[in-house]
Amino acid sequence: MQMKPLMTLVALAGIGSLSAQEEGPKTYEEFMASSDAVMFTINNLWILISAALVFLMHLGFSTLESGLCQKKNTVNILFKNVWIISVGLLTYYFWGFNWHYPGDNWLITNILPKGGMAGYDAVDAVANQTAAYADYTYWSDFIFQGMFAATAATIVSGAVAERVKLTTFMVYSLILVGVGYTIAGSWHWGGGFLNKLGNDGDKAFYDFAGSTVVHAFGGFAALAAVLVLGPRRGKYTAHGVKPILPHNMPLATIGAFLLFLGWFGFNGGSVLSADPHLVSYVFVTTALAAVAGGFASIVSSWAVMKKPDLSMALNGLLAGLVSITAGADVLSPNEAIIAGMVGGVIVVFSILAFDKIKIDDPVGAISVHGVVGIWGTLAVAIFSDAAPLSSQLIGILSVCSFAFLFSLILFFILKLVMGVRVDEREEAEGLDVAEHGSPAYND
Amino acid sequence: MQMKPLMTLVALAGIGSLSAQEEGPKTYEEFMASSDAVMFTINNLWILISAALVFLMHLGFSTLESGLCQKKNTVNILFKNVWIISVGLLTYYFWGFNWHYPGDNWLITNILPKGGMAGYDAVDAVANQTAAYADYTYWSDFIFQGMFAATAATIVSGAVAERVKLTTFMVYSLILVGVGYTIAGSWHWGGGFLNKLGNDGDKAFYDFAGSTVVHAFGGFAALAAVLVLGPRRGKYTAHGVKPILPHNMPLATIGAFLLFLGWFGFNGGSVLSADPHLVSYVFVTTALAAVAGGFASIVSSWAVMKKPDLSMALNGLLAGLVSITAGADVLSPNEAIIAGMVGGVIVVFSILAFDKIKIDDPVGAISVHGVVGIWGTLAVAIFSDAAPLSSQLIGILSVCSFAFLFSLILFFILKLVMGVRVDEREEAEGLDVAEHGSPAYND
Amino acid sequence: MQMKPLMTLVALAGIGSLSAQEEGPKTYEEFMASSDAVMFTINNLWILISAALVFLMHLGFSTLESGLCQKKNTVNILFKNVWIISVGLLTYYFWGFNWHYPGDNWLITNILPKGGMAGYDAVDAVANQTAAYADYTYWSDFIFQGMFAATAATIVSGAVAERVKLTTFMVYSLILVGVGYTIAGSWHWGGGFLNKLGNDGDKAFYDFAGSTVVHAFGGFAALAAVLVLGPRRGKYTAHGVKPILPHNMPLATIGAFLLFLGWFGFNGGSVLSADPHLVSYVFVTTALAAVAGGFASIVSSWAVMKKPDLSMALNGLLAGLVSITAGADVLSPNEAIIAGMVGGVIVVFSILAFDKIKIDDPVGAISVHGVVGIWGTLAVAIFSDAAPLSSQLIGILSVCSFAFLFSLILFFILKLVMGVRVDEREEAEGLDVAEHGSPAYND
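These notes cover the structure that comes with them.

Calculation criteria
Per-chain numbering applies: the sequence of each chain, read as written, is numbered from 1 onward. Chains carry letters and ligands carry numbers; both start at the beginning, A for chains and 1 for ligands, and go up in the order they are written. Per-residue local features are limited, in this predicted model, to residues with pLDDT of at least 70; the limit for side-chain atom pairs, both in listing and counting, is 80 or more; totals at the level of whole chains, interfaces and linings are taken over all residues. By convention in this description, side-chain values take in all heavy atoms of the structure and omit both hydrogens and water. Any pair of residues with heavy atoms lying within 4.5 Å of one another is described as a contacting pair. Two parts placed together each lose some accessible area under a 1.4 Å probe, and adding up what both lose gives the buried area. Salt bridges are defined as contacts in which a side-chain nitrogen from Lys or Arg sits within 4 Å of a carboxyl oxygen from Asp or Glu. Polar contact criterion, stated in full: a pair of N or O atoms within 3.5 Å, where within protein one must be able to donate a hydrogen and the other to accept it, and residues adjacent in sequence count only if both atoms are side-chain atoms. A run of H or I in DSSP becomes a helix once it reaches four residues, and a run of E becomes a strand once it reaches two; helices and strands are each numbered from the N terminus. Following the grouping adopted for this structure description, the nonpolar residues are Ala, Val, Leu, Ile, Met, Phe, Trp, Tyr, Cys and Pro, the charged ones are Asp, Glu, Lys and Arg, and the polar ones are all others, Gly among them. A least-squares superposition brings the copies together, and it is based on the C-alpha atoms of residues with pLDDT no lower than 70 in both. Here's how the labels work: a residue is buried when its accessible area is under 20% of the maximum for its type, exposed when over 50%, partly exposed in between, all with a 1.4 Å probe on protein chains only. Note on geometry: axes are lines fitted to C-alpha atoms, helical ones only across the stretch in contact, with angles between N-to-C directions running from 0 to 180 degrees. The handedness criterion is simple: a crossing whose near helix is rotated anticlockwise from the far helix by less than a right angle is left-handed, and one whose near helix is rotated clockwise is right-handed.

1. Thoughts on the interface of chain A and chain C
Here is step 1 of the chain: In this complex, chain A contributes 55 residues to the contact, which on the side of chain C involves 48 residues.
Here is step 2 of the chain: When the two sides are added together, the surface that chain A and chain C hide from each other amounts to roughly 4,500 Å², 82% of it contributed by carbon and sulfur.
Here is step 3 of the chain: At the surface where chain A touches chain C, the tally comes to one salt bridge.
Here is step 4 of the chain: Between Lys71(C) and Asp443(A) there is a salt bridge, and its shortest N-O distance comes to 3.6 Å.
Here is step 5 of the chain: If you look at where chain A meets chain C, you find nine residue pairs in polar contact (both at pLDDT 80 or more).
Here is step 6 of the chain: Of all the secondary structure elements, the ones that give two or more residues to the side of chain A that touches chain C are α2 (28-33), α3 (36-68), α4 (74-100), α6 (138-149), α8 (166-188), α11 (249-268) and α18 (431-436) of chain A.
Here is step 7 of the chain: Considering every element that reaches the side of chain A that touches chain C, the biggest residue donor is α3(A), with 16 residues.
Here is step 8 of the chain: Classifying every residue of the side of chain A that touches chain C gives 37 nonpolar, 16 polar and two charged.

Below, the structure written as structure tokens:
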């Protein structure tokens, strides 16, 4: 989504009506009785429904990741996802939101935001009634952005699955979501330097709903973590790659479809209003890119792997979605189809390539979110004039290298302090029994 | 849903306000600043949310069908569903939408529509701003209808499961969705001959959200395919019917509940606005018919089969939903309950009857969508005066016979060209390993 | 939600506009053409979307309960849930709704409501057009409340799972939902004595979306049923508690997340309008309490059980949600976090304590809904001045003791008449085969 209007405790006169501004501040009741209130209410409702849809993506990630991994690590993956949504939203409340959207509060201007807890004194009726944005309330903004925030750590969760140490990942994900994600996000959505490129923003980096600042951020953080962590034992042998099969394909399919559904809120809500033209347009480009990605990955993986592969088809849908996330409002439907198809082909070759170079990503998260996230961001410059290619490259480079380095350093420190990997016996036994003391499936 | 307003690139003056029409065309910005914009925005938002709910029905079908089939064919069913949503939406974009709603563009007037790609030049700002319907945008209409379109092929997918050849089904579903479904739909929703019955429409066929033009279309296409395909090996033996058990009942239950949820968008969105009375009314008739169907199928299947059968209960919910789809806006709540109960009883006896005559439908799709689809359409004439019985019969006969013949001929041609059935060894081994090279469940 | 405006067939003049009231009754068309219609339409749409979200909670309960139980009882649990939603909504239509919201129709004033079927004559156009509330239609109210109603029986379903006799539970749930739940609800939401505490309501019991009148009602009904029923065989042995492991943790996780999602409608819809401030506020307190509950239960169960337990984490999320249900609109975000955390700790110790005293609740429903429901209701008085502690205690005591006694007597009568428990052989074999004749999972 675009840079948010800054949180200001201005009078509601600022909402929607020019004439009202002349009349001075209103109470919430006066505002709600005015004609401006209806459009505000619709827009606000759509942001909230979008927040609920993005929340559902966490169930999508939980089921996709656990379905694509081995049976013996299922509880562990699900547990990590409950943890991520829990601490992700809490840290976003305690400091992340104000790091993400710092307004004028920077430690280092446009680069390092200054924190602070979300909210205003809830018992202060006046603040409650007047702390509003142009199209939705302060709390609608918070909950929508908060649901986004935990996504970054979830992406990593899939890539490091089946061998990461639980407690280490818990600390890692808390810091990645609370600190890393919000700093990188502030550069663009929070009004930081990526939003100031060119002549004070005339060449600003363009990333509508976060191909780079959400997905590629997660993908490159995952890449760093996987490099430190190493592959699952027994996957890369002297005799080549030994495939480790997904344990539950219906579960993975539920995950991919729920993510697809949630993306209507992820992209559609990033319109930041219920504007009829723009939201419907974004729904169409999002859906067309997704199915184009699914189609292209089915065809291309069939050509390469000589079989119709369901995992690739599911990752193709997701790749299509990531491909359109940066430009859902500026690409035409035809361009959305092309972008999605290219994403669907890229993801197949990327997944196969990472296996070639022995970077072990059990669910393909680095490819889907990292590699295709870059593609989606570039597609904005290729297909539209929303931003020049140079700005997109600057955005990609700065966010991805920051994500990679932040994750690398953090994970490396955790390796020294806590250790990052379960031991050989635990990995062989599976994390469900080794770490949680109970398998996911019983009679 | 009723016949759509034709797509016209008229000025937005046509949206909502009579007085505005006198003032001549407005830009989109002018329209959005007018008082007409708020109701337009609400209505539009509801169509989009409905589209998302109907999208979720594809996950419902995926899980219902795979849950009710054998373990060894799970990946195959899921893969087919990813394929259907992908090519279904793409073909709908490239030609289906304009076949479905041809306006005045017919090859054979009111019978065979003339195609064309969806959309207008997206970079043409004026077209973007003015291509609008009375209550929602062009793209909202497209995405809502596009999500419906793939449903027809999904219904067939369940009936032919566990023995159909994958590549053949992929070609079949593409043509069924792109060509067959949209032609039959154009007869009613596209303003074709079913909409012109009587004195230029005073006795028009009535099918609110598609008991016939969606569900019975799919059911009768499925019947034809199953007749060509034959039953699964080993089901009908010299010693009677050998039941083939569903492999995962939680998965099937997830499917039925998601379909129920999606139906709030399927029927509720077919109001084509957020009209408070009508949408709430449709929610109530839809939900009451569904639970009445569930209740009646539980009782009647228990009486016949001497046990409480979960599959029948789930199919009863769905039968209740199909029963009310044609008349959700014209039946009273009491009538909705009766219609749902009759549907719930019909589906039990229909499923048992098809097994008697050795027509093998693993998930009961022909009964749920085909037979009960007819019942739902007749219920409109029985309980309301929305259309005379004669018109409903004409609609049922023309759509069902077309669906049956279209599917029969298409499937027969594909049988000659590609073959339609996997060989005995592949069927015994299961399509997951035989066609996809990997089972759905692993350790 | 607060007490509903009484259903009245007043003219639509009563909707929204004071000036309109002077002009006398309007038709529905006149109302919809007026400026009052837009806010009414938005509010109404949100109630309907909330109803759909609450519907989804039934899938959440189905999957949570079946996932946490043994494999051999899966079909039985799913079947019970299809039954509950079916008869729950039907009985609510035939008499429950008017028992729940009796208006002035009481058999015993403010204690025992007088029933009657929902609805007005649907073919009466005038009634249709004028039977409206301040912010939504009659049917929107019905469907939203109807989706709530079945919840009470669903809570019991989990607690009595794996040994209750199916037919007995079917009768029990029908009467509990239709009679018990609606009577208790009428005391508060229906304008009964809990709403009249103090000087005609100035110290009214406060229970925003039903921590007590929905959740604790269900939890205490469950407790009574479990006491009559006894524990599962083999759980409490001479050598201590023998844990009975959940059969499918991904299924249980799907359930918990769907319940979390549905709660946005459960609490958010209980605002009874789309008021931007209040709905967004309720979304935030609801989500923060949920994740605080998840976090606190992870930490506290880890401390006690010495392992990271996924079941406890899931129940912690739900406990957080139940904790905020009574006060979602009056607690601050900080207070919501505290309330959720306390709930998350309570649920861990409560589940362990019930096992200590050999009260066998396979899914923890008595703790999550009963014990934490009380906590959530008390939190209103502790953190806010919405109601005095005395009123909250009166509400808790009257509703919980009524639920307990109603359930105890009903279950005891059913024990005498039909028997409440399957026999030893059936319990060992599992209810799926013993009662339904087919296992949930097959090849």
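2. Concerning the relation of the copies chain A and chain C
Here is step 1 of the chain: The two copies are related by a screw operation: chain A maps onto chain C through 120° of rotation and 0.0 Å of translation along the axis, at an RMSD of 0.0 Å. Each copy turns onto its partner about a three-fold axis.
Here is step 2 of the chain: Looking at chain A, a mere 7% of its interface residues are interface residues in chain C too, so the copies touch through different faces.

3. Observations concerning the side chain of Ser350(B)
Residues and elements named next belong to chain B.
Here is step 1 of the chain: Secondary-structure assignment places Ser350 in helix α14 (residues 333-356).
Here is step 2 of the chain: Accessibility expressed as a relative area gives 8% for Ser350, which makes it buried.
Here is step 3 of the chain: In this structure the side chain of Ser350 is engaged in a polar contact, spanning 2.7 Å, whose partner is the side chain of Ser367.
Here is step 4 of the chain: Sequence-distant contacts of Ser350, defined by excluding residues within four places in its chain, comprise Ser367 and Val371.

4. Re the packing of helix α10 (residues 211-229) of chain C against helix α16 (residues 389-417) of chain C
For any two helices packed against each other, the geometry is given by the interaxial angle and the distance between the axes.
All names here are of chain C.
Here is step 1 of the chain: Contact geometry for α10 and α16: axes closest at 8 Å, N-to-C directions at 35°. Crossing handedness for the pair α10 and α16: right-handed. Contact with α10, carried on its side by Thr212, Val213, Ala216, Phe217, Phe220, Ala221, Leu223, Ala224, Ala225, Leu227, Val228 and Leu229, involves Gly395, Ile396, Val399, Cys400, Phe402, Ala403, Phe404, Ser407, Leu408, Phe411 and Lys415 of α16 and no other residues of that element.
Here is step 2 of the chain: Residues belonging to the contact of α10 with α16 are distributed by class as follows: 19 nonpolar, three polar and one charged.

5. Some thoughts on the interface of chain B and chain A
Here is step 1 of the chain: In this assembly, 55 residues from chain B lie in contact with 48 residues from chain A.
Here is step 2 of the chain: Both faces combined, the contact of chain B with chain A buries some 4,500 Å², and carbon together with sulfur accounts for 82% of it.
Here is step 3 of the chain: Where chain B touches chain A, the interface holds one salt bridge.
Here is step 4 of the chain: Applying the counting criterion to the chain B and chain A interface returns nine residue pairs in polar contact (both at pLDDT 80 or more).

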